[in-house]
Amino acid sequence: MWGGRFAEGPSAIMREINASIPFDKRLWRQDIAGSRAHAAMLAAQGIVDADAVSAIDGGLAEIAALYEAEGPPEDLALEDIHMTVESKLSALIGPDAGRLHTARSRNDQVATDFRLWVRDAIDAVLAGLEAFQRALLVRAEEHAATIMPGFTHLQVAQPVTLGHHLMAWYEMAGRDRSRFADARVRMNRSPLGSAALAGTGFPVDRHATAQALGFDGPTDNSLDSVSDRDFALDYLMSATQCALHLSRMAEEFVIWASQPFGFVSLPDAYSTGSSIMPQKRNPDAAELVRGHSGRIAGCMVALTMTMKGLPLAYSKDMQDDKPPVFEAHDLLALSIAAMTGMVETTRFVPERMRAAAEAGFSTATDLADWLVREGGIPFREAHHITGHAVKLAEREGVALAALPLDALRQIDPRIDERVYSVLTVDASVASRTSHGGTAPDQVRARIAAAKAALGVAA
Ligand code: ARG
């Protein structure tokens, strides 16, 4: 490729450290699409004659069909996907192949290819997250009124509904979608035509190539265009945040599936047995989603560190941008699919959830709130009175609702029989009607709004 200036070829070590084909061959579709758009523009602008461009385009189409069938070859001597395609093109059509690289450099070429790849990756993640949200809506609707304990500090706090809990995950996934969608808007500009770093003297039409490749327009500074990897970092940062959410959800599955909890029974399809303990059913898929989040965050840190000290414009360090993005994307896509499958197929165990909600004095706040509302007692004092009631119930080994009225009145004479109507977990949940609260009616309203937003039939 640079034989004109170099007398000797690279050493074997140089060849190995320099080559990116082992991983950037994944860009072949984008590389060919970018080249075809560039070639068409070269003809339209009269930079390369139409016959040569027609041969180039036919050759590129043939290469695409070939790679579709058997994948691109991995020859380290050809260094990267760009040289691999170009050398195949020249084998197919001869010297006209050399005209394709007019008014272009591998620097704007790779920046274009990689943007196109990341854009596809974002679209795949957006679709996966939407499917995940749809699965959550189905299960949340099914369990809009299923009582479970809500936790703070992983201590039973107040009763909530399972539907409400699943809809919390829905909100998390919604923010992830919006982050990826934002990243997509920001990255959708074409660097093609920025050439090596300074632009080109050929009369290229950057608007035309941008449009042909589905970009909203060309980027505005050639130095920035060939050295900007923000789009890859935006992807990785969005992926990290998304993986972090999935990891927290996966952790809840792990906890819920443990015997002391028993809130869920994971389906065979998403668990494994133990080679030594026959009774085991392990939540491996959930654990791996939790584990993968660490690797995805690692990919984000890897590219951050690669980029942090690079002067303008292109440096070869930037070739290392691809492996972390590819790795993170594969892990994330699989994690989203696994969580979707688990949400779809897990058997929830409402009896266990209700029993746990009832066991933890989870309606203590309801008692305190009742004292405030009905007795006009300041909340701090009501909290204190309720603390005595909880202590008594704990000593007697009964739920708050099972304490006799006499005993309650001994703690505070302002308590009367009406208090029992707020001490059950169902009454507690039904009373939480504030916007976004856990009352089944609120949960159903939020599910209805979410269905409308996703275009799911009511
Ligand atoms: N394989 C290279 C990469 O991924 C392509 C760009 C090479 N540019 C250069 N000036 N050596 O970054």
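Residues numbered from 1 in each chain as written. Predicted model: local features only at pLDDT ≥ 70, side-chain atom pairs only at ≥ 80, totals over all residues. Heavy atoms only, no water.

1. A word on the overall build of the protein chain
Consideration 1: The helix and strand tally for the protein chain stands at 18 helices and 4 strands.
Consideration 2: The C-alpha atoms of the protein chain give 30 Å as radius of gyration, which overshoots the globular expectation for 458 residues (23 Å, by more than 25%).
Consideration 3: With respect to the three principal axes, the spread of C-alpha positions in the protein chain is 100 × 50 × 45 Å.
Consideration 4: Out of the 458 residues belonging to the protein chain, those deemed buried represent 47%.
Consideration 5: As presented, the protein chain carries roughly 21,400 Å² of accessible surface, and 54% of it is formed by carbon and sulfur atoms. (Helix = DSSP H or I, 4+ residues; strand = E, 2+ residues; numbered from the N terminus. Rg over C-alpha atoms; globule rule 2.2 N^0.38 Å. Buried < 20%, exposed > 50% of the residue type's maximum accessible area, 1.4 Å probe, protein only. Areas by Shrake-Rupley, 256 points an atom, 1.4 Å probe, with all protein chains shown as cover.)

2. As for helix α6 (residues 106–142)
For the α-helix, the turn length of 3.6 residues means that residues three or four positions removed from each other point alike.
Consideration 1: An ideal rise of 1.5 Å per residue puts 54 Å on 37 residues; α6 measures up with 54 Å between its terminal C-alpha atoms.
Consideration 2: The element α6 is extensively covered by neighbouring structure, given that 26 of its 37 residues are classed as buried. (Expected span 1.5 Å × (residues − 1).)

3. A short note on the site of the ligand
Consideration 1: For the ligand, the full set of nearby residues is Ser20, Asp24, Asp80, His82, Arg106, Asn107, Val110, Tyr314, Lys316, Gln319 and Lys322.
Consideration 2: Take tyrosine 314: an N or O atom from its side chain is 2.3 Å from an oxygen atom of the ligand.
Consideration 3: Bound to the protein, the ligand loses 86% of the 350 Å² it would expose on its own.
Consideration 4: Examining the composition of the shell around the ligand, we find that 3 residues originate from one element, α6, more than from any other. (Near = heavy atom within 4 Å. Polar contact = N/O pair within 3.5 Å; in protein donor to acceptor, adjacent residues only side chain to side chain.)

4. Looking at a nonpolar patch on the surface
Consideration 1: Judged by side-chain polarity, Leu197, Leu223 and Leu312 come together as a nonpolar surface patch covering roughly 280 Å² of accessible area.
Consideration 2: Using a relative accessible area of 64% as the deciding quantity, one classes leucine 312 as exposed. (Patch = residues over 30% accessible without salt bridge, like charges linked within 9 Å, V, L, I, M, F, W, Y side chains within 5 Å. Salt bridge = Lys/Arg side-chain N within 4 Å of Asp/Glu carboxyl O.)

5. Some remarks on unusual backbone geometry
Consideration 1: Cis geometry marks the peptide bond from leucine 312 to alanine 313; its omega dihedral reads 0°.
Consideration 2: Inspection of the secondary structure puts alanine 313 in the loop between α11 (284–307) and α12 (322–345).
Consideration 3: With phi around 65°, glutamate 79 is a residue other than glycine that occupies positive phi space.
Consideration 4: As for its placement among the helices and strands, glutamate 79 is situated in the loop between α4 (50–70) and α5 (81–93).
Consideration 5: Under the relative-accessibility criterion, glutamate 79 is labelled buried at 5%.
Consideration 6: The phi dihedral of phenylalanine 361 is positive, around 50°, even though this residue is not glycine.
Consideration 7: Its place among the elements puts phenylalanine 361 in the loop between α13 (350–359) and α14 (364–375).
Consideration 8: You can call phenylalanine 361 buried: its relative accessible area is 19%.

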